[in-house]
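# Remarks on the overall topology
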Amino acid sequence: MKLLSIILALLFFITTISAQEYPKQIQNLISAYPNFDIQYDGKYIILKERQKFIYDDRIKKSGELLLNKPSISDMLQSEYPKNLNNYIPSKDSDPGRIRNEDFMKAMYGSNSLDVLKNLVTIVWCPKLVGSKIRITKINNVHLQLQKISEELDKHPELQKYLQGATTFNWRIIKGTNRLSTHSFATSIDLNVKFSNYWQWDCKCTNEEIDLKYKNQIPKLIVEIFEKHGFIWGGKWYHYDTMHFEYRPELLN
């Protein structure tokens, strides 16, 4: 019994030390989602319900394979650019666009009914817009979006961009078999009248096509969203400038 206690104590000590030596991306993931008590055993990312996701499958991927079959490390591999003026993404640079769908389902719900159970309604920009939108309360996403709403509401010059906002919609991304993050109620799209989307502009779903970057969304809107854990689709080569999604692990 004494030997067993010593072994357990050593294992706890080793785990504690190794946690401090996790790769930066894993440390960011852990700190971004504290409610899920994320662990890393050297091979798997483990959530509190003991769900396991291989961290690095060691398969070199690009293009459609990277989008459709990413490991957790693939999801975190690209550094998301912050606080850059006049930023234009380089060819095929899509930081945050790569997502492990099983990991998202484990956190937010594996189907629309599961997601619906955790939705709350907030009033989006009460003074400037006043529409009601639904967002997940998991990971306190609703609280972060509420803070964003309150800040944006102080800027009447931004009103036209904030109208027509949409959030939850369980759906597949056009031209793919991948779920949109709107399916998990972690994303918001702003006014389509002042937005640019690569598929609309090329009138295609071809990931390999050469694109000419376009954007109408003011920098101030982007900064306010990023401050509260939301990344912007306007920092993707495959641009989606109306789109913001909660991905705080990329903003640490």
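The structure we're discussing is the one just above.
Below is a short write-up of the structure. Quick caveat: nothing in here was measured; it's all calculated off a predicted structure.

### A look at the state of the cysteines
- Tallied over the entire structure, the rule returns one disulfide.
- Paired by a disulfide, Cys202 and Cys204 hold their sulfur atoms 2.2 Å apart. Between Cys202 and Cys204, the S-S dihedral sits near -100 degrees, and the bridge is therefore left-handed. Considered together, Cys202 and Cys204 belong to a single accessibility category, that of buried residues.

### Points about the sheet that holds strand β3 (residues 52-54)
- Spatially, the three strands line up as an open sheet ordered β1-β2-β3, and their pairing is antiparallel. Strands with a single pairing partner mark the edges of an open sheet, and in this sheet they are β1 (39-40) and β3.
- Direction of pairing for strand β2 (residues 44-46) relative to β3: antiparallel, over a ladder of three bridges. Opposite Tyr44, over in β3, you have Ile54 as the bridge partner.

### So, the pairing of strand β4 (residues 119-124)
- Bridging between β4 and strand β5 (residues 131-136) involves six bridges; their strand directions are antiparallel. Opposite Ile122, over in β5, you have Ile133 as the bridge partner.
- Remark: six residues form the turn of the hairpin made by β4 and β5, two consecutive strands paired antiparallel; Cys125 in that turn has positive phi of roughly 45 degrees.

### Describing the nonpolar core
- Residues Phe103, Trp124, Leu145, Leu152, Ile221, Phe225 and Phe244 are the most contacted members of the largest nonpolar core, which totals 67 residues.
- Among the elements that take part in this core, helix α5 (residues 101-108) stands out by supplying five residues, more than any other.
- Apart from the residues lying within four places of it in its own chain, the contact partners of Phe244 are Thr186, Ser187, Ile188, Leu190, Ile217, Ile221, Val222, Phe225, Phe230, Ile231 and Trp232.

Conventions adopted
Residues numbered from 1 in each chain as written. Predicted model: local features only at pLDDT ≥ 70, side-chain atom pairs only at ≥ 80, totals over all residues. Heavy atoms only, no water. Disulfide = S-S within 2.5 Å. Buried < 20%, exposed > 50% of the residue type's maximum accessible area, 1.4 Å probe, protein only. Pairing = 2+ DSSP bridges. Helix = DSSP H or I, 4+ residues; strand = E, 2+ residues; numbered from the N terminus. Core = buried A, V, L, I, M, F, W, Y, C linked by side-chain atoms within 4.5 Å. Contact = heavy atoms within 4.5 Å.

Note that every value here comes from positions in space, so none of it alone points to a role or purpose.
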